[in-house]
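Listed below, chain by chain, are the residues.
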Amino acid sequence: QALLAALIITTCITTGMGLVSTFALDFHRYFPKVSYHGWLAVVCVAAFLTATSGLDSIIAWSRPLLNFLYPVAIVIIILAVLSPYFENDTIVYKVNVAFVLIPAILECLSSVPAKWSWLQPFIGIRDALPLGVAGLSWVIPGIVGLAIGWLCHLRKRA
C-alpha cells in the first residue's frame, strides 16, 4: 500500500507540475510583459486557492461553465465531422454556433449556485424550450443552425 501511495503521489505531482508549467508558458507567450516565473507564481497560487476550496466548491463553480461549453463544443465536433459535406465553410460554423449560444447561455445561467437566486428565472426559460428539461435545449437550435448555415453555404457557392 505504501508503494502504491508513493506511485500515486508521484504521478499526481508530475502531472500537476506539467500542467502548471505549460499553462505559465502559454500565458507568457500570449502576454510577454509578465515573465514566465511571474505566470508560474500566479498559476501556483491560483491552483492552491482552487484546491483548498474543496471539491464541492470546485464543482459548484465549474458546472455553469461546463454547461455553457459542452453544447458549443459538441456542435463544433459534429461540424468538424460533417465538414467535407460543406467544404469546411466557416459560415456554417458561425451560423450554427450563433444558434447554439443562446440555449448554452441559458443552460449556464440555470445551473449557477443557489446563492445567486436572482438568476433562477432562467431555469423557467430554459425548461420552456424543447428538450430543455433534459438539459438539451441546444439540440433543436443546433439542427436549425446547421440547416441555415448549409443553405448559406450552398447559396454562396452558387
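Everything numeric in this text was worked out from a predicted model, so none of it was measured. (Residues numbered from 1 in each chain as written. Predicted model: local features only at pLDDT ≥ 70, side-chain atom pairs only at ≥ 80, totals over all residues. Heavy atoms only, no water.)

**Considerations on helix 6 (residues 139–157)**
Here helix 6 spans 27 Å end to end across 19 residues, near enough to the 27 Å set by a 1.5 Å rise per residue. Within helix 6, burial applies to P141, G142, G145, L146, G149 and H153. The arc enclosing the buried residues of helix 6, seen along the axis, measures out at 140°, which places them on a common side. In helix 6, the exposed positions angled more than 90 degrees off the buried face are occupied by I143, L151 and R155. In this fold, the buried residues of helix 6 make contact with helix 3 (55–82) and helix 4 (90–110). (Helix = DSSP H or I, 4+ residues; strand = E, 2+ residues; numbered from the N terminus. Expected span 1.5 Å × (residues − 1). Buried < 20%, exposed > 50% of the residue type's maximum accessible area, 1.4 Å probe, protein only. Arc of directions from axis to C-beta. Contact = heavy atoms within 4.5 Å.)

**So, the nonpolar core**
By size, the foremost hydrophobic cluster in this structure holds 11 residues: V72, V75, L79, F86, V92, Y93, V97, V100, A104, W138 and L146. Look past the residues within four positions of Y93 in its chain and what remains in contact with it is I76, L79, A80, S83, F86 and N88. (Core = buried A, V, L, I, M, F, W, Y, C linked by side-chain atoms within 4.5 Å.)

**A look at the confidence of the model for the protein chain**
Do not read the fine detail of predicted coordinates wherever pLDDT is low. Mean pLDDT over the protein chain: 87, with 94% of residues reaching 70 or higher. Per-element confidence in the protein chain is highest for helix 1 (residues 2–30), whose mean pLDDT is 93, and lowest for helix 5 (residues 121–128), whose mean pLDDT is 70. (pLDDT = per-residue confidence, 0-100.)

**Side note on the packing of aromatic side chains**
Scanning all chains against the criterion turns up 6 aromatic pairs. An angle of 20° between the planes, with centres 4.5 Å apart, marks the rings of F23 and F27 as stacked. Note that F23 and F27 are positioned in helix 1 at a spacing of 4 residues, about one turn of the helix. By relative accessible area, F27 is classed as partly exposed at 28%. Taking 6.0 Å as the distance between ring centres and 45° as the angle between the ring planes, the aromatic pair formed by F31 and W39 counts as tilted. Among the residues examined, F31 registers a relative accessible area of 45% and is labelled partly exposed. On the basis of relative accessible area, W39 is assigned to the buried category, the value being 14%. Members of the aromatic cluster, connected to one another through ring pairs, are F23, F27, F31 and W39. (Phe/Tyr/Trp six-rings, centres within 6.5 Å; stacked < 30°, edge-to-face > 60°.)

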